[in-house]
Amino acid sequence: MPEAVIIDCLRTAIGKAPRGALRDMRPDDLAAAVLRALAGRYPRAAPEDLDDVILGCAMPEGEAGMNLARIALLRAGFPDSVPGMTVNRFCASGLEAIALACDRIRAGGASQVIAGGAESMSLVPFPGARFAPNPWLAERLPDAYLGMGLAAERLRERYGIGREEQDRFALASHEKAVRAQAEGKFDGEIVPVEVERTLAGNGAPRVERFEFRRDEGPRPDTSLEALAGLKPLF
């Protein structure tokens, strides 16, 4: 059986929703930027030799709709002979895409696949533009529509995980991200993205263009006290 090997990992920097630097950027354009950068890094692995491009997307509608993977690869300039497939397993969609790529290679059905995920929680917020649950399922098995926040509440109830314990874990994770960012450990995997946004002022609106290459989430000034003061969402 052939062995599947991940040869590289690239991504764009992560922006905040809904008011971050990437709030107006389409997820297919962001995915295309990563695809172009990946192809540029490995010129001997020509895009036309790809067996597939598989992208996961939790909310495949609106700007993330249709076949996101196919749209992204065409936007990246890949030839139209390259197929693309979009998969959905909600929060595990990107990991599912990678798992599918590995399975295809190990089964002998492919030799080169690009797999990952793309999402915009600013343009396509959860639970999508028009939430329309199946009435029968909503009445008889409403937990089928349980979101991550409510699932976390179930775990809290079942295992007795208190608020302070959760906050301490969150702070430790956050501090690791802040330290990794300060040490430049993410720099090699981040693809810079040219961002354009309109700024309103006292006079006429002006357009600002800049290169976005740093995650917006990590905050060096956060603390256990600050986390404890946040209002729970669920």
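Residues numbered from 1 in each chain as written. Predicted model: local features only at pLDDT ≥ 70, side-chain atom pairs only at ≥ 80, totals over all residues. Heavy atoms only, no water.

The next thing to look at is the overall build of the protein chain. Tallying secondary structure elements over the protein chain gives seven helices and seven strands in all. Counting from the amino terminus, helix and strand elements in the protein chain follow one another as β-α-β-α-β-α-β-α-α-α-β-β-β-α. Overall, the C-alpha framework of the protein chain stretches about 55 × 50 × 40 Å when taken along its three principal axes. The buried share of the protein chain, reckoned over its 234 residues, is 29%. Sequence separation of 24 or more characterises 71% of the internal contacts of the protein chain that already satisfy a separation of 6 or more. A gap of 3 Å separates the mean positions of the 30 positive and 34 negative side-chain charges of the protein chain. (Helix = DSSP H or I, 4+ residues; strand = E, 2+ residues; numbered from the N terminus. Buried < 20%, exposed > 50% of the residue type's maximum accessible area, 1.4 Å probe, protein only. Contact = heavy atoms within 4.5 Å. Lys, Arg positive; Asp, Glu negative; His and termini not counted. Charge placed at Lys NZ, Arg CZ, Asp CG, Glu CD.)

Let us look at the layout of surface pockets. Here the second largest pocket is characterised by a volume of approximately 1,000 Å³. Along the wall of the second largest pocket there are 25 residues; nearest its centre are Arg163, Gln166, Asp167, Ala170 and Leu230. Where the lining of the second largest pocket is concerned, the elements lending two or more residues are helix H5 (148-159), helix H6 (163-182) and helix H7 (224-228). For the lining of the second largest pocket, the element with the highest residue contribution is H6, accounting for eight residues. Looking at the lining of the second largest pocket, its residues break down into twelve nonpolar, six polar and seven charged. (1 Å grid on protein atoms, 1.4 Å probe; cavity = no way out; pocket = protein on both sides within 12 Å on 5 of 7 lines; lining within 4 Å. Points joined across faces, edges and corners; volume = space filled by probe spheres on them. Nonpolar A, V, L, I, M, F, W, Y, C, P; charged D, E, K, R; others polar.)

In this section: the sheet that holds strand S3 (residues 84-87). Overall, parallel pairing links the three strands, which are arranged S3-S2-S4 in an open sheet. Of all strands in the sheet, those bounded by a partner on one side alone are S3 and strand S4 (113-117). Averaged over all adjacent pairs, the angle separating strand axes in this sheet is 15°, with direction ignored. When strand S2 (residues 52-56) meets S4, the two strands line up parallel, connected through five bridges. Of the residues in S4, the one forming a bridge with valine 53 is isoleucine 114. (Pairing = 2+ DSSP bridges. Axes fitted to C-alpha atoms, helices over the stretch in contact; angles between N-to-C directions.)

Moving on: the nonpolar core. Counting residues in each nonpolar core, the largest one holds 23 residues, and the members touching the most others are Leu35, Leu50, Val53, Leu55, Leu73, Phe78 and Ile114. Among the elements of the structure, helix H1 (27-41), S2 and helix H2 (68-75) are those that each provide at least two residues to this core. Element by element, the count of residues in this core is highest for H1, at five residues. With near-sequence residues (within four places) excluded, phenylalanine 78 lies in contact with Leu35, Ala39, Pro47, Leu50, Leu73 and Ile114. (Core = buried A, V, L, I, M, F, W, Y, C linked by side-chain atoms within 4.5 Å.)

Moving on, we come to unusual backbone geometry. At the junction of alanine 17 and proline 18, the peptide bond is cis and its omega measures out at 0° in the coordinates. With an omega of 5°, the peptide bond between phenylalanine 126 and proline 127 qualifies as cis. Along the chain, proline 127 falls in the loop between S4 and helix H4 (135-140). Phi angles above zero are rare outside glycine, and methionine 66 is one such case at about 60°. In this structure, methionine 66 sits in the loop between S2 and H2. For phenylalanine 90, which is not glycine, the phi dihedral falls at a positive 50°. Topologically, phenylalanine 90 is positioned in the loop between S3 and helix H3 (93-106). When its relative accessible area of 51% is taken as the criterion, phenylalanine 90 is described as exposed.

With that settled, the discussion passes to the pattern of salt bridges. Enumeration over the complete set of coordinates arrives at 17 salt bridges. Between aspartate 215 and arginine 11 there is a salt bridge, with its nearest N and O atoms 2.9 Å apart. Taken together, the positions of aspartate 215 in the loop between strand S7 (206-212) and H7 and arginine 11 in strand S1 (residues 11-12) put the pair 204 residues apart, joining distant regions of the chain. Among the ionic pairs, glutamate 164 bridges to arginine 168, the shortest N-O distance being 2.9 Å. Taken together, the residues span about one helical turn, with glutamate 164 and arginine 168 both in helix H6 at a distance of four residues. With relative accessibility at 48%, the residue glutamate 164 sits in the partly exposed group. Residues joined in a network through salt bridges with shared partners are Arg11, Glu189 and Asp215. (Salt bridge = Lys/Arg side-chain N within 4 Å of Asp/Glu carboxyl O.)

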